[in-house]
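Next come the chains, spelled out residue by residue.
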Amino acid sequence: MNGGNLGAQTNQLDGTADALWREYNGGSDSHLSQNVWEGMVEVQAPLVEDKPFAELLQFNGAFRLSKYSTNPSTFSTWKAEGIWSPVRDITFRGSINRAQRAPTVIESYQASNTSYGRIDPTYNDFCAPTIIRYDTGPNGQRIPVYGDPKASQAVCAATGLAPEKYGSSDLLCDTDVGCTYRSGGFTVDPETAYTKTFGVVVSPRFIPGLTVSVDRFLIDLDQSIGYNNYQYFSDGCLSTGSDFFCKMFVRNANGQLFSDPGSNPTSGYIRQGTTNYYKAKSHGWDFQAQYALRMGKAGRLDFDFAGSLTTLAGAQDSPILAERNCVGYYGGAGCGQFISKWSHTLRTTYTTSDDFFSASLNWRYLGPLTRVSNSGDPTLGWSEGDDRTTFYRIEGYNYFDLALSFRVNKAFSLRVAANNILDKGPPVFPNSRDVTGLFRNNTIAPRYDSLGRQIAIGTTVNF
């Protein structure tokens, strides 16, 4: 079986406000749009069926070509998948996919729209001399005493600075207005993820009703989309000298990083804005199992289990920086995903033989998390003495949900559900804004139930 398709669509976002809002808040209306044209083809080809050692041998494939109006390039996605069942009881499967997420209309606008501004005056060009102290002049004036630049000459050369300008006081930005930044002017490419999965599904005939599957997943994301400010590029360039960071320094003819923002300068600034990062990764294992136990007139028990073991979840900010693994950690170093090593759900449902009544108990488990400051891992920004003695760990969380259903007759049924029946509160710690980067009133969500016990009642009436 195969098929193809051609199509086009428009994503649009309009932002408006009335005259009163504009009077007090300023700004202007926005009308953003992005068009995409796509063509795709898909094939599903059973190669062998009902043969010895090949109950099923099948190949699935797909290819899609996309062109976005906000990008001069054409992008492609594809997949290739193989399925092999040597006997009815067992199926092996594997796939490789190239998937993409295009920038939203807001991200495209933020990237392409150019604006200029001044950096905080406390920031200075790291290739300029460092002020180590102030002496008092003959008339009582403060006279700065300079030391060596923060950056090496090799790092400064990577930013485009001529050797003779290294350490020159001409590079010092005005302490009253600061250096200059340029936001935007980027073309943001879609994020590209290469996903590889390998797994097995077992449904043994000697245990009717049982199905078990295990899958290994490897997700490698290139050019992830995000906002990077001047400090990100400055710190990265200073510590690595990598072109990935240092190319964001656009010096003028005198090697300086300051210019008049109102003149739409072509040099003399540090770039920042929405653009593409380097890499992100997510690797792990998925486990699933379903079992239906039929008990005759006593009814039926159904078990449904889904678990995930994450072995790698993190990012690599540039080609020469270490890869971060944030699994099991939170707070700092870009570890804001709150991904525990192990999490699972197990739902057990009892149903009477006449389907009049059913009760379902769901067990949700989230593994423990440790604060980055206590990780002992230098790649996460940890250093000697950072360890905390309080509020450094979130223990594993267990939640239990209960749902009851009554089918009174064919025309009427009643459902009662209580999520988090033990009313377990979310983890609480101080200064959550600094720890999590989120305004969440000293807790984190949505992984944890911030509302406690939740009860719902519903009915279905058929006329």
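Residues numbered from 1 in each chain as written. Predicted model: local features only at pLDDT ≥ 70, side-chain atom pairs only at ≥ 80, totals over all residues. Heavy atoms only, no water.

I tried to follow the environment of Lys67 on my own but got confused; where do I start?
On the secondary structure map, Lys67 appears in strand β3 (residues 54–68). Considered as a pair, Lys67 and Arg182 are 115 residues apart in the sequence and their alpha carbons are 28 Å apart. Once residues lying within four places of it in the same chain are set aside, the contact partners of Lys67 are Asn35, Val36, Trp37, Pro72, Ser73 and Thr74. (Helix = DSSP H or I, 4+ residues; strand = E, 2+ residues; numbered from the N terminus. Contact = heavy atoms within 4.5 Å.)

Sorry if this is basic, but what is going on with empty space enclosed by the protein here?
A probe matching the size of a water molecule, rolled over the atoms, marks out where space remains unfilled. Taken as a whole, this structure holds one cavity of 30 Å³ or more when the rule is applied. What the largest cavity holds in volume is close to 30 Å³. Forming the boundary of the largest cavity are Gln34, Tyr68, Thr70, Asn71, Phe75, Ala102, Pro103, Val188 and Pro190. Across the lining of the largest cavity, the residue classes break down as six nonpolar, three polar and no charged. (1 Å grid on protein atoms, 1.4 Å probe; cavity = no way out; pocket = protein on both sides within 12 Å on 5 of 7 lines; lining within 4 Å. Points joined across faces, edges and corners; volume = space filled by probe spheres on them. Nonpolar A, V, L, I, M, F, W, Y, C, P; charged D, E, K, R; others polar.)

Teacher, can you tell me more about the state of the cysteines here?
As used in these notes, a disulfide is a covalent bond between sulfur atoms, one from each of two cysteines. Applying the stated criterion across every chain, the model contains three disulfides. Residue Cys173 pairs covalently with Cys179 via a disulfide, S to S 1.8 Å. Taking the sign of the S-S torsion, about 95 degrees here, the bridge from Cys173 to Cys179 comes out right-handed. Residue classification places Cys173 among the buried residues on the basis of a relative accessible area of 5%. A residue is classified by how much of its surface remains accessible, and Cys179, at 0% relative accessible area, is buried. A disulfide bridge connects Cys237 with Cys246, and the sulfur atoms are separated by 2.0 Å. Here the S-S torsion is close to 100 degrees, and the disulfide linking Cys237 with Cys246 is therefore right-handed. Judged by its relative accessible area of 1%, Cys246 falls in the buried class. (Disulfide = S-S within 2.5 Å. Buried < 20%, exposed > 50% of the residue type's maximum accessible area, 1.4 Å probe, protein only.)

Whenever I open this one, the nonpolar core confuses me. Can you help?
Note that soluble globular proteins tend to have their nonpolar side chains buried in a common cluster. Residues Tyr123, Phe126, Cys237, Phe249 and Ile270 are the most contacted members of the largest nonpolar core, which totals 28 residues. Elements with a minimum of two residues in this core: α3 (153–158), α4 (230–240) and α5 (243–246). Non-local contacts of Phe126, meaning those with residues more than four positions away in its chain, are made with Pro149, Lys150, Ala151, Val155, Cys156, Thr159, Ser234, Cys237, Leu238 and Phe249. In terms of nonpolar packing, the next biggest core, distinct from the first, is built from nine residues, Tyr330, Leu369, Phe429 and Tyr448 among them. (Core = buried A, V, L, I, M, F, W, Y, C linked by side-chain atoms within 4.5 Å.)

Even after reading the chapter, I still don't get the packing of aromatic side chains, so can you show me in this structure?
By convention here, two paired aromatic rings are described through the distance between centres and the angle between planes. Taken as a whole and judged by the stated rule, the model has 18 aromatic pairs. Their ring planes at 85 degrees and their centres at 5.1 Å tell us that Phe244 and Phe245 sit as a pair that is edge-to-face. Take Phe244: its relative accessible area is 17%, and that puts it in the buried class. Measuring from centroid to centroid gives 6.4 Å for Phe356 and Phe406, while their planes differ by 70 degrees, and the two rings are edge-to-face. (Phe/Tyr/Trp six-rings, centres within 6.5 Å; stacked < 30°, edge-to-face > 60°.)

Please clarify how the sheet that holds strand β17 (residues 329–330) should be interpreted in this entry.
The strands making up a sheet are joined through hydrogen bonds of the backbone, oriented either antiparallel or parallel. Read across the sheet, three strands follow the order β17-β20-β21 without closing on themselves; strand pairing throughout is mixed. In the strand order of this sheet, the two ends are held by β17 and β21 (393–394), each with one partner. With two bridges connecting them, strand β20 (residues 369–371) and β21 associate as antiparallel partners. Bridge assignment links Leu369 to a residue of β21, and that residue is Ile394. (Pairing = 2+ DSSP bridges.)

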